Amino acid sequence: MAVISSLVKRGFSVFLASALVLSVGCGGAGQAGSNGGLDQADAAVEIRFAIEMADDVSGPIYVLLYGEDNQVGWVQAFRDGERIHFRERCEIEDCANRGVVCGAAMSTIRNIGAGAETGMIEFVWDGMTSAFDEVSGCEIRRPALPGDYIARFCYSSEAEFQANSDPALAVPGRLVGLDCTERPFTLLDEEVVFSI
């Protein structure tokens, strides 16, 4: 009986020591840095870009919804002078779907100062961008690299579109005399807003 009691005590001591080591090891893993040991490239990215009109601003305020390249037209992002593509590029074949390109889009505009969704436009970016695979000659989507970025917001008080169109909705057209403003951001920012 004494032998069994001694083995149980020894087994319990080994169990406690193992549990202590595991809890210290697991508990300390998340303390490596101020963001839990994750660097900027590992964190999930979700950045809201928006143009917002103040209540006392009278319209029209026209924005380019999508350009002919099928990219968001009213906001662009750049890193070290290189454009970041929020969406797949239409002019390059998709590596994941060989032989597939989205084709040229039609430039569409909208007056954000009129209609049901008055005074604002927004886009949420998932942090993915396009890269050209030099070996296969096609486009791959990959996470954007950490660093300093510039967002360029553009709008206009004038636009050309068909006379019978309602620019409070998305209509084919083009902006005349762009006004553009730049805002710095990083991938750690949750939103980048330009207020008119």
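Here the structure is a predicted model, which is why all the values come from computation and not from measurement.

Overview of the overall build of the chain
Stage number 1. Within the chain, the regular secondary structure consists of one helix and 13 strands.
Stage number 2. Helices and strands appear in the chain in the N-to-C order α-β-β-β-β-β-β-β-β-β-β-β-β-β.
Stage number 3. Split into buried and exposed, the 196 residues of the chain put 31% on the buried side.
Stage number 4. Excluding contacts between residues fewer than 6 apart, the proportion of contacts in the chain whose partners are at least 24 apart in sequence is 71%.
Stage number 5. Surface accessibility of the chain: about 11,900 Å² in total, with carbon and sulfur atoms responsible for 55%.

Focus on the side chain of serine 107
Stage number 1. Relative to the helices and strands, serine 107 resides in the loop between strand 4 (82–84) and strand 5 (108–111).
Stage number 2. The class for serine 107 is buried, based on a relative accessible area of 18%.
Stage number 3. Residue contacts for serine 107: discarding those within four places in its chain leaves Leu64, Tyr66, Gly67, Glu68, Val171, Pro172 and Gly173.

Topic: the pattern of salt bridges
Stage number 1. One pass over the full model with this rule turns up seven salt bridges.
Stage number 2. Ionic pairing is found between aspartate 80 and arginine 79, a salt bridge with its closest N-O pair at 3.5 Å.
Stage number 3. Overall, the relative accessible area of 69% leaves aspartate 80 in the exposed class.
Stage number 4. When the shortest N-O distance is used, the salt bridge between glutamate 182 and arginine 152 registers 2.8 Å. A residue pair is termed long-range when its members are at least 10 positions apart, and glutamate 182 in strand 12 (residues 179–185) and arginine 152 in strand 9 (residues 149–155) qualify at 30 residues.

Things to note about the packing of aromatic side chains
Stage number 1. Considering all chains together, one arrives at 10 aromatic pairs under this definition.
Stage number 2. Their ring planes at 25° and their centres at 5.9 Å tell us that phenylalanine 153 and phenylalanine 194 sit as a pair that is stacked. Remark: phenylalanine 194 occurs in strand 13 (residues 191–195) and phenylalanine 153 occurs in strand 9; sequence separation between them is 41 residues. For the pair phenylalanine 153 and phenylalanine 194, a shared accessibility class is recorded, and that class is buried.
Stage number 3. Between tyrosine 155 and phenylalanine 194, the aromatic rings sit 6.0 Å apart at their centres with planes inclined by 35°, giving tilted as the arrangement. Taken together, the positions of tyrosine 155 in strand 9 and phenylalanine 194 in strand 13 put the pair 39 residues apart, joining distant regions of the chain.
Stage number 4. Clustering of aromatic rings is evident, with ring pairs tying together Phe49, Phe86, Phe123, Trp125, Tyr149 and Phe185.

A look at the side chain of serine 130
Stage number 1. Structurally, serine 130 is set in strand 7 (residues 128–133).
Stage number 2. Side chain to side chain, serine 130 and arginine 141 meet in a polar contact 2.9 Å long.
Stage number 3. Look past the residues within four positions of serine 130 in its chain and what remains in contact with it is His85, Arg87, Glu88, Arg89, Glu139, Ile140 and Arg141.

Structural notes on the pairing of strand 3 (residues 75–79)
Stage number 1. In this sheet, strand 9 lies alongside strand 3 in antiparallel orientation, the contact comprising four bridges. If you follow alanine 77 over to strand 9, its bridge partner there is alanine 151.
Stage number 2. Two strands pair when backbone bridges link them, and strand 3 and strand 4 are joined in this way by three bridges, in the antiparallel orientation. Counterpart to arginine 79 in the pairing with strand 4 is glutamate 82.
Stage number 3. Count of turn residues in the strand 3/strand 4 antiparallel hairpin: two residues, of which aspartate 80 carries a positive phi of about 55°.

Basis of the calculations
- Residues numbered from 1 in each chain as written.
- Predicted model: local features only at pLDDT ≥ 70, side-chain atom pairs only at ≥ 80, totals over all residues.
- Heavy atoms only, no water.
- Helix = DSSP H or I, 4+ residues; strand = E, 2+ residues; numbered from the N terminus.
- Buried < 20%, exposed > 50% of the residue type's maximum accessible area, 1.4 Å probe, protein only.
- Contact = heavy atoms within 4.5 Å.
- Areas by Shrake-Rupley, 256 points an atom, 1.4 Å probe, with all protein chains shown as cover.
- Salt bridge = Lys/Arg side-chain N within 4 Å of Asp/Glu carboxyl O.
- Phe/Tyr/Trp six-rings, centres within 6.5 Å; stacked < 30°, edge-to-face > 60°.
- Polar contact = N/O pair within 3.5 Å; in protein donor to acceptor, adjacent residues only side chain to side chain.
- Pairing = 2+ DSSP bridges.

Nothing here speaks to function; it is geometry throughout.
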